[in-house]
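Architecture at a glance
Residues per chain, in single letters:
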Amino acid sequence: MDLDPERLSTADRYKLLIGCIVPRPIAFVSTISPEGRTNLAPFSFFTGVGSNPMTLLFCPVNDANGHEKDTLRNCKPESEGGTGEFVVNLASEGYAHLVAAAAETLPYGDSEFELTGLTPATSLRVRPPRVAESPVAFECRTIQIVRTNPSKPAGGNVVIGRVVHVHAADGALNDRLHADPDRLAAVARMGGRTYCRTRDRFTLELGRPALNTPRPWEKQTGPPL
Ligand SMILES: Cc1cc2nc3c(=O)[nH]c(=O)nc-3n(C[C@H](O)[C@H](O)[C@H](O)COP(=O)(O)O)c2cc1C
């Protein structure tokens, strides 16, 4: 099958993106409005960008009317009417259902902290609170927003943030700053309403040595296609 995106509906393009780019880690993003109202929402179009400076990105698309989602309204730079700040919390098994619940569309200014019962904890370097239950939180300042189709439904917005503080719960990192994946218990999004855990892991060498590495996955699921 060969598909020309230009001949597909926006819904079908979305289906292909979320069904094929899997699994996607989830940024559980807390923000605050200039008036001081907190907001919390999950975004799985999310990844790291670079470590010098420490940067990450997530992508809140425009809603069906072409309007900015509350998170984008809040985290865009002050010059555009936002606060220029956000916190990326992790999506963890213990509260995965609350991550999904926080995707509820509430009126601007109503807080998903109240809806979910998750605990806002004071951040160290930015105004939006972090989620106390999250094993790790990245406090960020927005450095750039790339808009791929401003004011149009489903147009993309890439929010690039500089991490200005990292909070880690006791036991989440060892003294060499390696994260404990069992403590993080990260969940990721697949297509539609499906999620996956990060419990099934294997290691590989880097580069040429990987050619001769054992293939632990073959025992469980057969050879890769
Ligand atoms: C796990 C998960 C991942 C999501 N990822 C995205 C995403 O990457 N981009 C996006 O625009 N919406 C995403 N959504 C939908 C938003 O969370 C939803 O539109 C939310 O209401 C936005 O909240 P806000 O208006 O408070 O910013 C996702 C929803 C879930 C449950």
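Relevant structure appears above.
Now for a look at the structure at hand. (Residues numbered from 1 in each chain as written. Predicted model: local features only at pLDDT ≥ 70, side-chain atom pairs only at ≥ 80, totals over all residues. Heavy atoms only, no water.)

A word on the site of the ligand. Residues in close proximity to the ligand total 18 residues, the closest being Asn39, Pro42, Val61, Lys69 and Thr71. A distance of 2.8 Å is found between a nitrogen atom of the ligand and a backbone nitrogen or oxygen belonging to Ser44. Thr71 is positioned with one of its side-chain polar atoms (N or O) 2.5 Å from an oxygen atom of the ligand. When the ligand is considered free in solution it has 640 Å² of accessible area, and contact with the protein chains removes 89% of it. Using a 2 Å cut-off from the grid points, one finds that the ligand occupies the largest pocket. For the shell around the ligand, the elements supplying multiple residues, two or more each, are β3 (38-43) and α2 (70-75). Looking at which element gives the most residues to the shell around the ligand, the answer is β3, with four residues. (Near = heavy atom within 4 Å. Polar contact = N/O pair within 3.5 Å; in protein donor to acceptor, adjacent residues only side chain to side chain. Areas by Shrake-Rupley, 256 points an atom, 1.4 Å probe, with all protein chains shown as cover. 1 Å grid on protein atoms, 1.4 Å probe; cavity = no way out; pocket = protein on both sides within 12 Å on 5 of 7 lines; lining within 4 Å. Sits in = over half its atoms within 2 Å of the grid points. Helix = DSSP H or I, 4+ residues; strand = E, 2+ residues; numbered from the N terminus.)

The subject of this paragraph is the pairing of β3. Along β3, five of the six residues are buried, which leaves the element largely enclosed by surrounding structure. As paired strands, strand β2 (residues 27-32) and β3 are joined by six bridges and run antiparallel to one another. For Val29, the partnering residue across the bridge sits in β3 and is Ala41. The antiparallel pairing of β2 with β3 creates a hairpin that spans five residues between the two strands, and Gly36 there sits at a positive phi of about 100°. (Buried < 20%, exposed > 50% of the residue type's maximum accessible area, 1.4 Å probe, protein only. Pairing = 2+ DSSP bridges.)

This paragraph deals with the nonpolar core. Nonpolar side chains tend toward joint burial in soluble globular proteins. The biggest cluster of nonpolar side chains holds 20 residues, and the ones touching the most others in it are Val29, Leu56, Phe58, Phe86, Val88, Phe138 and Val159. Per-element accounting of this core gives the leading share, four residues, to strand β9 (residues 136-147). In this view, Val159 contacts Leu56, Leu57, Phe58, Pro60, Leu72, Cys75, Phe86, Thr142, Gln144 and Ile145; residues no more than four positions away in its chain are not counted. Formed by 12 residues, the second largest nonpolar core is a distinct cluster that contains Ile26, Leu98, Ala102 and Phe113. (Core = buried A, V, L, I, M, F, W, Y, C linked by side-chain atoms within 4.5 Å. Contact = heavy atoms within 4.5 Å.)

This part takes up the packing of aromatic side chains. Within this structure, the stated rule accounts for three aromatic pairs. With centroids separated by 6.4 Å and ring planes inclined at 20°, the aromatic side chains of Phe28 and Tyr95 adopt a geometry described as stacked. Of this pair, Phe28 sits in strand β2 while Tyr95 sits in the loop between β6 (85-90) and α3 (96-101), and the two are 67 residues apart along the sequence. Classification of Phe28 by relative accessible area gives buried; the value is 0%. Assessed through its relative accessible area of 6%, Tyr95 is described here as buried. (Phe/Tyr/Trp six-rings, centres within 6.5 Å; stacked < 30°, edge-to-face > 60°.)

So, about the sheet that holds strand β10 (residues 157-168). Reading across the sheet, the seven strands line up as β3-β2-β6-β9-β10-β5-β4 and stay open at both edges, with antiparallel pairing between neighbours. Unpaired on one side and paired on the other, β3 and β4 (46-51) mark the two borders of the sheet. Taking each pair of neighbouring strands and ignoring which way they run, the sheet shows an average axis angle of 35°. As judged from the five bridges shared by β6 and β9, these two strands associate in the antiparallel manner. (Axes fitted to C-alpha atoms, helices over the stretch in contact; angles between N-to-C directions.)

Right, let's talk about the sheet that holds strand β12 (residues 195-197) for a bit. With respect to topology, three strands assemble into an open sheet ordered β1-β11-β12, the strand pairing being antiparallel. What marks the edges here is a single partner per strand, and that holds for β1 (24-25) and β12. In this sheet, strand β11 (residues 187-189) lies alongside β1 in antiparallel orientation, the contact comprising two bridges. Across the sheet, Arg24 pairs through a bridge with Arg189, a residue of β11.

Once that is clear, we can look at the pattern of salt bridges. Once their charged atoms are close, side chains differing in charge can pair, the charge on each being opposite to the other. One pass over the structure, following the stated rule, counts 10 salt bridges. Note that Arg147 and Glu80 form a salt bridge whose closest N and O atoms lie 2.9 Å from each other. Of this pair, Arg147 sits in strand β9 while Glu80 sits in the loop between α2 and β6, and the two are 67 residues apart along the sequence. Assessed through its relative accessible area of 36%, Glu80 is described here as partly exposed. Each of Glu68, Lys76, Glu80 and Arg147 takes part in a single network of salt bridges with overlapping partners. (Salt bridge = Lys/Arg side-chain N within 4 Å of Asp/Glu carboxyl O.)

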